[in-house]
Amino acid sequence: MAPKPRATMLRWVFGAVGAIAFALGFIGVFLPLLPTTPFMLLALACFARASPRVENWLLTHPKYGPPLRAWRERGAIGPKGKIAGTVGMATSYVIFYLVSTPSLLVAGVVAGIMVCVAIFILTRPS
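Conventions adopted
- Residues numbered from 1 in each chain as written.
- Predicted model: local features only at pLDDT ≥ 70, side-chain atom pairs only at ≥ 80, totals over all residues.
- Heavy atoms only, no water.
- Helix = DSSP H or I, 4+ residues; strand = E, 2+ residues; numbered from the N terminus.
- Rg over C-alpha atoms; globule rule 2.2 N^0.38 Å.
- Buried < 20%, exposed > 50% of the residue type's maximum accessible area, 1.4 Å probe, protein only.
- Contact = heavy atoms within 4.5 Å.
- Core = buried A, V, L, I, M, F, W, Y, C linked by side-chain atoms within 4.5 Å.
- Phe/Tyr/Trp six-rings, centres within 6.5 Å; stacked < 30°, edge-to-face > 60°.
- Lys NZ or Arg CZ within 6 Å of the ring centre and 35° of its normal.

Participant: Can you lay out the overall build of the protein chain for me, pointing to particular residues and giving the numbers?
Facilitator: Check the secondary structure of the protein chain and you find 6 helices and 0 strands. In the protein chain, the succession of α and β elements from N to C terminus is α-α-α-α-α-α. What you see for the protein chain is a C-alpha radius of gyration of 17 Å, clearly larger than the 14 Å of a compact globule of 126 residues, by over 25%. C-alpha atoms of the protein chain, sized along the principal axes, occupy 60 × 30 × 25 Å. Here the protein chain holds 126 residues, and the buried ones make up 25% of them. Here the analysis covers contacts within the protein chain between residues at least 6 apart in sequence; of these, 53% occur between residues at least 24 apart.

Participant: Describe the nonpolar core, and please don't skip the residues or the numbers.
Facilitator: Core analysis: the largest hydrophobic core is formed by 9 residues, namely Ala 21, Met 40, Ala 43, Leu 44, Phe 47, Leu 58, Leu 59, Tyr 64 and Leu 68. Mapped onto this core, the elements with two or more residues apiece are α2 (37–50) and α3 (52–60). Broken down by element, this core gets its largest block of residues, 4 residues, from α2. Setting aside its immediate chain neighbours within four residues, Leu 44 contacts Glu 55, Leu 58, Leu 59, Leu 68 and Arg 72.

Participant: A description of the packing of aromatic side chains should follow, citing residues and the corresponding values.
Facilitator: Applying the stated criterion to the full structure yields 7 aromatic pairs. Consider the rings of Phe 22 and Tyr 64, whose centres lie 6.1 Å apart with planes at 85°: the pair is edge-to-face. Linking Phe 22 in helix α1 (residues 5–30) with Tyr 64 in the loop between α3 and α4 (65–74), this pair joins segments that are 42 residues apart in sequence. Of the residues examined, Tyr 64 reaches a relative accessible area of 10% and is grouped as buried. What links up through ring pairs into an aromatic cluster is the set Phe 22, Phe 26, Phe 30, Trp 57 and Tyr 64. A cation sits over an aromatic face here: Arg 49 above Phe 14, 5.9 Å from the ring centre.

Participant: Kindly report on unusual backbone geometry, identifying the contributing residues and their values.
Facilitator: Look at Thr 101: it is not a glycine, yet its phi comes out positive at around 40°. Its place among the elements puts Thr 101 in the loop between α5 (79–100) and α6 (104–122). Relative accessible area serves as the criterion here: at 61%, Thr 101 is assigned to the exposed category.

So, in structure tokens, the structure goes:
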């Protein structure tokens, strides 16, 4: 039985989004303000629907595999990831505040969002 055209199209869409997310995550390895992990998690989720072979490659990759497997199995973020995430957000906020001199409302909203994300990161299992 041939695959349905809609299913084939969705696999291509998930594959394309996964490839873009992987590329952004890879660039994030070298650019400190671009996060790597969220893009790799998105790529993994997309490839789970588009290409089991690429999904398996990501899960068994020596560098990306262990944190992706930990997240998938236990929703865990390692201690290094927690430190990097929170320090990166704090640094980004300071740069944002000094460079853009935002209004008090904007500064507060951005700070509130970053604090919520930091709490989420810090409360995940290690």
